[in-house]
Amino acid sequence: MPDIKPVDIISDNPEKETVQFGFEAYAKTIADLIANKNNKTPFVIGVYGSWGSGKTTLMSRIKHLLENDAYGDKTVYRKIKTVWFQAWKYNDEDAILAALIEEIFKTMKRSGFLDDCKAQIERMAANTKYQASKIVGKLTKLAGLDISELFADLEYKKKLGFFDVFQEFFDRLIWDYLNWRPQLRECEKTDDRNAALVIFIDDLDRCPEPRIVKVLETVKLFMDKEGCVFVIGAANEIIQNALKPTYGEIGAARFMDKIVQVVFHLKQIPANDLKSWVEALRIDFPNKIEIVPHIPLLAPALQNNPRQLKRFLNNLALLAGIIENKNLRIDFIALLYFCIFEYVFPEFVEDLKDNPNILFLLKDEIHQLETKTMGQGLQDLSDAELSAVPASLRRYIKNRELNELVVKFPGRKEELVQLTTLSGMVELPDEIGKVNDDIQVLFFDEMILVETGHFLYDNPPEEETIDQPYYIDIYPVTNEQYRKFMDDGGYSNKAFWSEDGFEWKNKNNITCPKYLNDEKWNKDGHPVVGVSYYEAEAYAKWEGKNLPTELEWERAARGTDGRQYPWGDEYDKERCNTRESEVRQTSRVTRYPNGISPMGCYDMAGNVWEWTRSLYEESDRYVLRGGSWYNYQKFAACAMRNSYLPNFRYYTVGFRCARTIV
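Residues numbered from 1 in each chain as written. Predicted model: local features only at pLDDT ≥ 70, side-chain atom pairs only at ≥ 80, totals over all residues. Heavy atoms only, no water.

A. View of the overall build of the protein chain. Helix and strand content of the protein chain: 25 helices and 14 strands. The 662 residues of the protein chain split such that 54% are buried. Taking the intrachain contacts of the protein chain between residues at least 6 apart in sequence as the baseline, contacts between residues at least 24 apart amount to 74%. For the protein chain, the exposed area adds up to about 30,600 Å²; of that, 47% sits on carbon and sulfur atoms. (Helix = DSSP H or I, 4+ residues; strand = E, 2+ residues; numbered from the N terminus. Buried < 20%, exposed > 50% of the residue type's maximum accessible area, 1.4 Å probe, protein only. Contact = heavy atoms within 4.5 Å. Areas by Shrake-Rupley, 256 points an atom, 1.4 Å probe, with all protein chains shown as cover.)

B. The sheet that holds strand β1 (residues 43-48), seen in detail. Taking strand neighbours across the sheet as the criterion, the five strands line up as β2-β3-β4-β1-β5 in an open arrangement whose pairing is parallel. A strand with exactly one partner marks an edge of an open sheet, and here the two such strands are β2 (79-85) and β5 (262-265). Each strand axis lies, on average, 15° off the axis of its neighbour in the sheet, ignoring direction. Here seven bridges tie β2 to strand β3 (residues 195-201), and the two strands are oriented parallel to one another. (Pairing = 2+ DSSP bridges. Axes fitted to C-alpha atoms, helices over the stretch in contact; angles between N-to-C directions.)

C. Geometry of the pattern of salt bridges. Enumeration according to the criterion identifies 25 salt bridges in this entry. We note a salt bridge from glutamate 414 to arginine 412, for which the minimum N-O separation is 3.4 Å. Overall, the relative accessible area of 48% leaves glutamate 414 in the partly exposed class. A relative accessible area of 36% means that arginine 412 is categorised as partly exposed. Between glutamate 550 and arginine 641 there is a salt bridge whose closest N-O contact spans 2.8 Å. Here glutamate 550, found in helix α25 (residues 550-558), pairs with arginine 641, found in strand β12 (residues 641-644); they are 91 residues apart in sequence, far enough to count as distant. (Salt bridge = Lys/Arg side-chain N within 4 Å of Asp/Glu carboxyl O.)

D. Spatial organisation of the environment of arginine 395. Along the polypeptide, arginine 395 turns up in helix α19 (residues 391-397). On the basis of relative accessibility, which here comes to 12%, the residue arginine 395 falls in the buried class. Here the alpha-carbon distance between arginine 395 and glutamine 440, two residues 45 residues apart in the chain, equals 4.6 Å. Separated by 3.4 Å, the side chains of arginine 395 and aspartate 351 make a polar contact. Within the local environment of arginine 395, its side chain forms a polar contact with the side chain of tyrosine 396, the two groups lying 2.9 Å apart. (Polar contact = N/O pair within 3.5 Å; in protein donor to acceptor, adjacent residues only side chain to side chain.)

E. View of the packing of aromatic side chains. Applying the stated criterion across every chain, the model contains 37 aromatic pairs. Here the aromatic rings of tyrosine 539 and tryptophan 542 are separated by 5.5 Å at their centres, their planes lie at 50°, and the arrangement is tilted. Here the residue tyrosine 539 and the residue tryptophan 542 both occupy positions in helix α24 (residues 533-542), the gap between them amounting to three residues, near one helical turn. Exposure remark for tyrosine 539: the relative accessible area of 1% places this residue in the buried category. The rings of Tyr482, Phe485, Tyr491, Phe496, Trp497, Tyr539, Trp542 and Phe655 are connected pair by pair, giving a single aromatic cluster. (Phe/Tyr/Trp six-rings, centres within 6.5 Å; stacked < 30°, edge-to-face > 60°.)

F. Spatial organisation of the packing of helix α16 (residues 346-354) against helix α17 (residues 357-372). Contact pair α16 / α17: the axes reach a minimum separation of 7 Å and the direction vectors enclose 115°. Looking at the two axes, α16 sits roughly perpendicular to α17. Across from Phe348, Asp351 and Leu352 in α16, the residues of α17 making contact are Ile358, Leu359 and Leu362. Of the residues assigned to the contact of α16 with α17, the class counts are five nonpolar, no polar and one charged. (Parallel < 35°, antiparallel > 145°, perpendicular 65-115°, else oblique. Nonpolar A, V, L, I, M, F, W, Y, C, P; charged D, E, K, R; others polar.)

G. Structural detail: the side chain of serine 597. Assignment of secondary structure puts serine 597 in the loop between α25 and β10 (609-615). Residue classification places serine 597 among the buried positions, given a relative accessible area of 3%. What serine 597 contacts, discounting residues up to four positions off in sequence, is Ala556, Ala557, Pro566 and Met604.

H. Quick peek at empty space enclosed by the protein. For the structure shown, the criterion picks out two cavities of 30 Å³ or more. Within this model, the second largest cavity holds a volume of roughly 30 Å³. If you trace the second largest cavity, you find it lined by Leu319, Leu335, Phe338, Cys339, Glu342, Leu419, Leu422 and Ser423. For the lining of the second largest cavity, the elements supplying multiple residues, two or more each, are α15 (332-344) and α21 (413-422). Residue contributions to the lining of the second largest cavity peak at four residues, all from α15. Grouping the constituent residues of the lining of the second largest cavity by class yields six nonpolar, one polar and one charged. (1 Å grid on protein atoms, 1.4 Å probe; cavity = no way out; pocket = protein on both sides within 12 Å on 5 of 7 lines; lining within 4 Å. Points joined across faces, edges and corners; volume = space filled by probe spheres on them.)

I. Here's a closer look at the nonpolar core. Residues Ile34, Leu66, Phe312, Phe341 and Phe348 are the most contacted members of the largest nonpolar core, which totals 87 residues. If one sorts the elements of this core by residue count, α15 sits on top with 12 residues. What isoleucine 34 contacts, discounting residues up to four positions off in sequence, is Phe43, Ile45, Ile62, Leu66, Arg78, Ile80, Val198, Val229 and Val231. Of all hydrophobic cores here, the second largest spans 33 residues; its members include Val213, Val219, Phe222 and Ala234. (Core = buried A, V, L, I, M, F, W, Y, C linked by side-chain atoms within 4.5 Å.)

J. Region of the structure containing the environment of isoleucine 9. Considering the arrangement of structural elements, one finds isoleucine 9 in the segment before α1 (23-35). For the pair isoleucine 9 and arginine 311, spaced 302 residues apart in the sequence, the C-alpha separation amounts to 9.0 Å.

K. Spotlight on a nonpolar patch on the surface. A contiguous nonpolar patch, built from Val7, Ile9 and Leu318 and spanning about 240 Å² of accessible area, is present on the exposed surface. The topology assignment puts valine 7 in the segment before α1. With a relative accessible area of 36%, valine 7 lands in the partly exposed category. (Patch = residues over 30% accessible without salt bridge, like charges linked within 9 Å, V, L, I, M, F, W, Y side chains within 5 Å.)

L. Structural detail: helix α2 (residues 55-67). Counted at 1.5 Å a residue, the expected span for α2 with its 13 residues is 18 Å, and the 18 Å between its end C-alpha atoms agrees. Burial analysis of α2 places 12 of its 13 residues in the buried class, the great majority of the element. Taken as a whole, α2 has its buried residues at Lys55, Thr56, Thr57, Leu58, Met59, Ser60, Arg61, Ile62, Lys63, His64, Leu65 and Leu66. (Expected span 1.5 Å × (residues − 1).)

M. Structural detail: the pairing of strand β7 (residues 453-457). When β7 meets strand β8 (residues 462-466), the two strands line up antiparallel, connected through five bridges. By the bridge assignment for β8, histidine 454 is matched with threonine 465. The hairpin turn running from β7 into β8, its antiparallel successor, is four residues long, and aspartate 458 in that turn takes a positive phi close to 70°.

N. Spotlight on the sheet that holds strand β9 (residues 470-473). Sheet architecture is open: three strands sit in the order β6-β9-β14, paired in antiparallel fashion. Edge positions in the sheet fall to β6 (447-450) and β14 (658-660), since each of these pairs with one other strand and no more. Taken over all neighbouring pairs, the strand axes of this sheet differ in orientation by 20° on average, direction set aside. Packed on one face of the sheet, α25 meets β6, β9 and β14 and runs near 70° to β9.

Below you can see the structure in the form of structure tokens.
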């Protein structure tokens, strides 16, 4: 039988015996507040916190403390009985009161009270003044009683008036339960200095809004019952929002102010407490010692949330097991770093999925810059000092935490490729990634300056001259850039269009690029396609730019030395998106920083053909340059020309803009 690696994971069940994250002090304080006989009841404690912040763990620990001998000194503390109620498990909002009372009865049954005090309960239930209630009538014979059946079809169950039917009997029953003996005389009133019933309502915010309202209205019914304490765990903003449709914004706040007397907000757990918790884990978690130093980096991405941290560790363990059992040659540290990238730097992972070479390119750029700066750090580098770095990588350079991980990443390219294929195998939280102030926003409209001078043009190369300096877009125009033109009335404003273009647009009822509503072609970060020359020309004018001439385009693509491709003379399918690359559609314009031109322009080989404003020979067709994802490598050569009529629209055709300096 082949060896199978066991996978250890961390349970999300609330801890009762011991509590990490500094919760023990919270639990003891709240438990002491409840048990203290000087604190008059009834009252409600609100334990507020976001999903996964530890509310259930804290409440479980409070309950555990109250049920044990920690508060045995009856000169200071009262006796406590506890009930745990999860309202989200019940489907019928209108029966919440009955469900709560049913849970109290079940707790009595589990504790042995209904058996130990069977005779006196049956005698009390036989009292004629309680017989108006069918539930009381059924309690005259407790032997073999099933509590669930008792509450199955109760009369008045779906009305708050249900409580009125047998509340006097219920009050006496609670008195007997707290004192574990029958109430001998009616003058023996409830004394909350001696005992209290504590009802924990867990995960109230998991309920639908109407049920949240019913639960709180049910709690309100107990607000005149001495000896009752409620502890409610929820996200406060969810509770307030649930109440607003019924009570209004001000009324919702007042409602909660009247009900809740003690409010405790669970704050974000410090990274060091999360670190200590991981160090204290008793399970045989893989390479735990390697994980601990990275907890401070992970914590903000996980919103300092214990549940999110457990999920991260469990996902890591699952992936480590899969790698082991698939016999993949992936170092655990490489897996750990990649998982950290996913949680903390998700935008970087999207780049890696497109092109794993990006990590190694960034590592090389970091090494070169550190050598130049003599190890003084990269955070204070000027734009001029960063100008030699490919544009899409510059935004990462100043993030110290990302740089450290990139430089230390131990994996080979083959490992990184395998890791990107594993990405998505485990589910990530909906909201991940901290706000990385050191990672700049990527602006696709960034341009690069091309100076005047001679360069080798065409094939075979011959010398040409750029007479006027100009700027040219670093990237092809993307779908989101083009949508801004449309949103600004670009298709209706005649000022942006040539006379022929406006006439063509109106005659053919053109209102957007041909594929802008097709999910395959309209992704953000991908070049807009299906645009005619007329549309490209109108967009450029809206931007205050124009389309480049083919001379300008080629100078930006190949520099001055007459190279065949933007990166050199040898074709490399890892540097561009042509048919050989097998991408089979457009790619993100940032995908190939290893394929940029000497000027720093992206995608000047492959991805999409690009319109220029130069006419082909003496025809009415316009020149396009660069090849596309659909075409073979020879069409991506810098000197290769193509041409189409100005009304041509296809999913292989896009454009970039230029601006001449006058």
